[in-house]
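Single-letter residue listing:
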Amino acid sequence: MVNKRKTGIMGGTFDPIHVGHLVTAEAVRVEYGLDKVIFIPAANPPHKQELNVTPAIHRYIMTVMATCSNPNFVVSSIELDRSGPSYTVDTVRALNAKYGDKTEFYFITGADAIGELTTWENVSEILNLCYFVAATRPGCNSDLDSVINYFGEKGRDRIFRLTTPELEISATDIRDRVKRGRSIKYIVPENVESYIMKEGLYL
Ligand code: ATP
Ligand code: MG
């Protein structure tokens, strides 16, 4: 069997993208020998339907700005190009149909997101289509072992854990800081900070 290349997928709302996302994606890329990480902003995140999420185009632009200096990071508009809720299963199906004969996909998440995996649409099919790498995220004690055990053998085969540098950063906190006029320097890339200020986001 040919050796497939390994590609990471970093899905998220990215409202806004921050250093926690970037450090995690780079750590998983290096540790798992991924050729690249594809950042995929969710157009209509199914778990945040009732929340006031920033228009997808702003989140997409910030994701491009944040990743442009890393030659191994790319951004995909695949979820912006679809209508309806942005289900991960549709995205990994499409990526596998296009690249699956040569590529193995590794979906990167924080510990909080992996804790909710059992609630994702068609999760069993997702686990057939990609591996998961759960980065330990400080402050979130969701029990990765119980998620792995929930899926039995498939969980043990397909879900991995990586301890990453502890960065207690969340987009929720960043939005709150902007609203209160507090600094967000060094927790988002400088160009993302400029974009947030220029567009008046999170005020
Ligand atoms: P929000 O506070 O709005 O939920 P967030 O900071 O959690 O935003 P998301 O876009 O919801 O960011 O998360 C995308 C992915 O990044 C998820 O898998 C999440 O677990 C992970 N993630 C978010 N922040 C960190 C962090 N500081 N370290 C590691 N992973 C993170
Ligand atoms: Mg989150």
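As a reminder, the structure under discussion sits directly above these lines.
Keep in mind that this is a model prediction, so the values were computed, not measured.

A few words now on helix H1 (residues 19-32). Relative to the 20 Å expected for 14 residues at 1.5 Å per residue, H1 spans 20 Å between its end C-alpha atoms, a close match to the ideal helical length. Listing the buried residues of H1 in full gives Gly20, His21, Leu22, Thr24, Ala25, Val28, Arg29 and Tyr32. Just downstream of H1 lies glycine 33, where phi reads positive at about 60°.

What follows is about the site of ligand 1. Surveying the vicinity of ligand 1 reveals 21 residues, the closest of which are His18, Asp112, Ile169, Ala171 and Thr172. The backbone of alanine 171 places a nitrogen or oxygen atom 2.8 Å from an oxygen atom of ligand 1. A total of 600 Å² of accessible area belongs to ligand 1 in isolation, and the protein chains cover 90% of it. Secondary structure elements with two or more residues in the shell around ligand 1: strand E1 (5-12), H1, strand E4 (103-110), helix H4 (111-115) and helix H8 (171-179). Counted by class, the shell around ligand 1 contains six nonpolar, eleven polar and four charged residues.

Our focus in this paragraph is the packing of aromatic side chains. Inspection of every chain in the model, using the stated rule, returns ten aromatic pairs. Here the aromatic residues Tyr32, Tyr106, Tyr131 and Phe160 are joined through ring pairs into a cluster of three or more.

A word on helix H9 (residues 190-199). Residues of H9 that are buried include every one of Val192, Glu193, Tyr195 and Ile196, and no others. Considered in projection along H9, the buried side chains sweep an arc of 160° and stay on one side of the axis. Structural note: H9 exposes Glu190 and Lys198 on the side pointing more than 90 degrees away from its buried face. Looking at the buried residues of H9, the elements they touch are helix H2 (56-67) and H8. Glycine 200 occupies a position one or two residues after H9 and carries a positive phi of about 65°.

With that settled, the discussion passes to the sheet that holds E1. Pairing is parallel in the open sheet, where six strands are placed in the order E3-E2-E1-E4-E5-E6. The open sheet has two free edges, formed respectively by strand E3 (73-75) and strand E6 (159-162), since each of these has just one partner strand. Direction aside, neighbouring strands of the sheet carry axes that sit 30° apart on average. In this structure, E4 lies alongside strand E5 (residues 131-135), joined through five bridges in parallel fashion. Bridge assignment links glycine 110 to a residue of E5, and that residue is alanine 135.

Turning our eyes to something else, we now look at the nonpolar core. Judged by nonpolar contacts, the single largest core of 29 residues is most densely connected at Ile17, Val37, Phe39, Met62 and Ile196. Counting residues per element, the ones that place at least two in this core are H1, strand E2 (36-41), H2, E4, E5, H8 and H9. Top element by residues in this core is H1. It accounts for four residues. Filtering out sequence-adjacent residues up to four positions away, isoleucine 196 remains in contact with Pro16, Met62, Val178, Ile184, Leu201 and Tyr202. Core analysis: the second largest hydrophobic core is formed by 22 residues, Ile38, Phe132, Phe151 and Ile159 among them.

Looking now at the packing of H2 against H9. Where H2 meets H9, the axes come as close as 9 Å, and the angle between the chain directions of the two elements is 155°. Classified by the angle their axes make, H2 and H9 are roughly antiparallel. The interaxial crossing formed by H2 with H9 has right-handed handedness. In contact with His58, Ile61, Met62, Met65 and Ala66 of H2, H9 contributes Asn191, Val192, Tyr195, Ile196 and Glu199.

Let us now look at the pattern of salt bridges. If you walk through the whole model with that rule in mind, you get eight salt bridges. In this structure, the salt-bridge partner of glutamate 125 is arginine 93, at a minimum N-O distance of 2.8 Å. Linking glutamate 125 in helix H5 (residues 123-129) with arginine 93 in helix H3 (residues 88-99), this pair joins segments that are 32 residues apart in sequence. Put simply, arginine 177 and aspartate 173 hold a salt bridge, and the shortest N to O gap is 3.0 Å. Here aspartate 173 and arginine 177 lie together in helix H8, a separation of four residues that amounts to about one turn. Look at arginine 177 and you get partly exposed, because its relative accessible area is 29%. Overlapping salt bridges bring together Asp90, Arg93 and Glu125 as one network.

Criteria and thresholds
- Residues numbered from 1 in each chain as written.
- Chains lettered and ligands numbered in written order.
- Predicted model: local features only at pLDDT ≥ 70, side-chain atom pairs only at ≥ 80, totals over all residues.
- Heavy atoms only, no water.
- Helix = DSSP H or I, 4+ residues; strand = E, 2+ residues; numbered from the N terminus.
- Expected span 1.5 Å × (residues − 1).
- Buried < 20%, exposed > 50% of the residue type's maximum accessible area, 1.4 Å probe, protein only.
- Near = heavy atom within 4 Å.
- Polar contact = N/O pair within 3.5 Å; in protein donor to acceptor, adjacent residues only side chain to side chain.
- Areas by Shrake-Rupley, 256 points an atom, 1.4 Å probe, with all protein chains shown as cover.
- Nonpolar A, V, L, I, M, F, W, Y, C, P; charged D, E, K, R; others polar.
- Phe/Tyr/Trp six-rings, centres within 6.5 Å; stacked < 30°, edge-to-face > 60°.
- Arc of directions from axis to C-beta.
- Contact = heavy atoms within 4.5 Å.
- Pairing = 2+ DSSP bridges.
- Axes fitted to C-alpha atoms, helices over the stretch in contact; angles between N-to-C directions.
- Core = buried A, V, L, I, M, F, W, Y, C linked by side-chain atoms within 4.5 Å.
- Parallel < 35°, antiparallel > 145°, perpendicular 65-115°, else oblique.
- Left-handed = near helix turned anticlockwise from the far one by under 90°.
- Salt bridge = Lys/Arg side-chain N within 4 Å of Asp/Glu carboxyl O.

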